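Chain by chain, the residues:
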Amino acid sequence: LPSTLQLAFWTPTTFAAYEFITGDTSCGSSYDPTAWQLLCKPEGSDRWGMMENRTNVNPPTERNTAYSVDAAHPFVLSSVSLPYPPRVQITASTQFQACQFVFTSTRAGTEHSNNIRLGEVRFFDSNGDLLTGMISSTTNPGGSYSSSYPPSRTTDGYNSGCWSTASVFHPL
């Protein structure tokens, strides 16, 4: 089963881009995510809408390093229309109450999508400025993780360690 990283926001939040940071050397690189879906709940909705589906992403082999579209640019969201009734047009001004990343593959392959290592997740506004203090909780619904490497490691603002969905952590 894929691993899920679910992020709830303190207040409805707008963001235009995001990036991942690889974990430190203790995390290894074999389980860096290479494919995922981003789903978000717009303010006032109880349904998740798919914002994007990324595949064949090539994470850097360096540790504590940002990865995104390229070395200098985060993954930018585009306008989408969520297909469920009532239709919701997602634009740069849409506010979200929560988002989740569903990881479907790692460097080690799709069979390891339940074994993710991720250092940080960062969000940016439409000006490219880093958004801070917006996340109220970070969870891995239905998944397991090492108590030393909980999901909250991805949003703590420190580039040390990582979130590991393995219940017994073995760095590679």
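For the structure, see preceding data.
Residues numbered from 1 in each chain as written. Predicted model: local features only at pLDDT ≥ 70, side-chain atom pairs only at ≥ 80, totals over all residues. Heavy atoms only, no water.

> Please clarify how the overall build of the protein chain should be interpreted in this entry.
What the protein chain contains, in helices and strands, is zero helices and 14 strands. Element order for the protein chain, N to C, with α for helix and β for strand: β-β-β-β-β-β-β-β-β-β-β-β-β-β. Counting all 172 residues of the protein chain, 48% fall into the buried class. Surface summary for the protein chain: the accessible area is close to 8,200 Å², and the carbon and sulfur share equals 49%. (Helix = DSSP H or I, 4+ residues; strand = E, 2+ residues; numbered from the N terminus. Buried < 20%, exposed > 50% of the residue type's maximum accessible area, 1.4 Å probe, protein only. Areas by Shrake-Rupley, 256 points an atom, 1.4 Å probe, with all protein chains shown as cover.)

> Hey, could you run me through the pairing of strand S9 (residues 96-106) in this one?
The side chains of a regular strand alternate between both faces of the sheet. Burial runs high along S9: nine of the eleven residues are buried. Inspection of the sheet shows strand S1 (residues 3-13) paired to S9 by seven bridges, in the antiparallel sense. Following the sheet pairing, Gln6 is matched in S9 by Gln100. As judged from the nine bridges shared by strand S3 (residues 33-42) and S9, these two strands associate in the antiparallel manner. (Pairing = 2+ DSSP bridges.)

> Even after reading the chapter, I still don't get the packing of aromatic side chains, so can you show me in this structure?
Given two aromatic rings, their pairing is described by the distance between the two centres and the angle made by the two planes. The tally for this structure, following the rule as stated, stands at 15 aromatic pairs. Ring geometry for Phe20 versus Tyr67: centroids 5.8 Å apart, planes at 70°, classification edge-to-face. Within this pair, whereas Phe20 is found in strand S2 (residues 17-21), its partner Tyr67 is found in strand S5 (residues 66-67), the two being separated by 47 residues in sequence. According to the relative accessible area criterion, Tyr67 is buried, its value standing at 2%. Ring geometry for Phe20 versus Phe101: centroids 5.1 Å apart, planes at 70°, classification edge-to-face. Of this pair, Phe20 sits in strand S2 while Phe101 sits in strand S9; the two residues are 81 residues apart in sequence, bridging distant segments of the chain. By relative accessible area, which is 0% here, Phe20 ends up buried. Three or more aromatic residues joined by ring pairs make a cluster, and in this case those are Phe9, Phe15, Tyr18, Phe20, Trp36, Tyr67, Phe96, Phe101, Phe103, Phe123 and Trp163. (Phe/Tyr/Trp six-rings, centres within 6.5 Å; stacked < 30°, edge-to-face > 60°.)

> What exactly am I supposed to notice about the state of the cysteines here?
By definition, a disulfide is the covalent link that joins the sulfur atoms of two cysteine residues. Within this structure, the stated rule accounts for two disulfides. Sulfur-sulfur distance for the disulfide between Cys27 and Cys162 comes to 2.2 Å. What sets the handedness of the Cys27 and Cys162 disulfide is the S-S torsion sign, and at about -115° it is left-handed. You can see Cys27 sitting in the loop between S2 and S3 and its partner Cys162 sitting in the loop between strand S13 (135-139) and strand S14 (163-164), a full 135 residues away along the chain. Residue classification places Cys162 among the buried positions, given a relative accessible area of 0%. Note on cysteine connectivity: Cys40 is disulfide-linked to Cys99, with sulfurs 2.2 Å apart. Since a negative S-S torsion denotes a left-handed disulfide, the Cys40-Cys99 link at about 105° is right-handed. Taken together, the residues span a long stretch of sequence, with Cys40 in strand S3 and Cys99 in strand S9 at a distance of 59 residues. Here the two residues Cys40 and Cys99 agree in accessibility, since each one is buried. (Disulfide = S-S within 2.5 Å.)

By themselves, these observations are geometric and do not establish any function.
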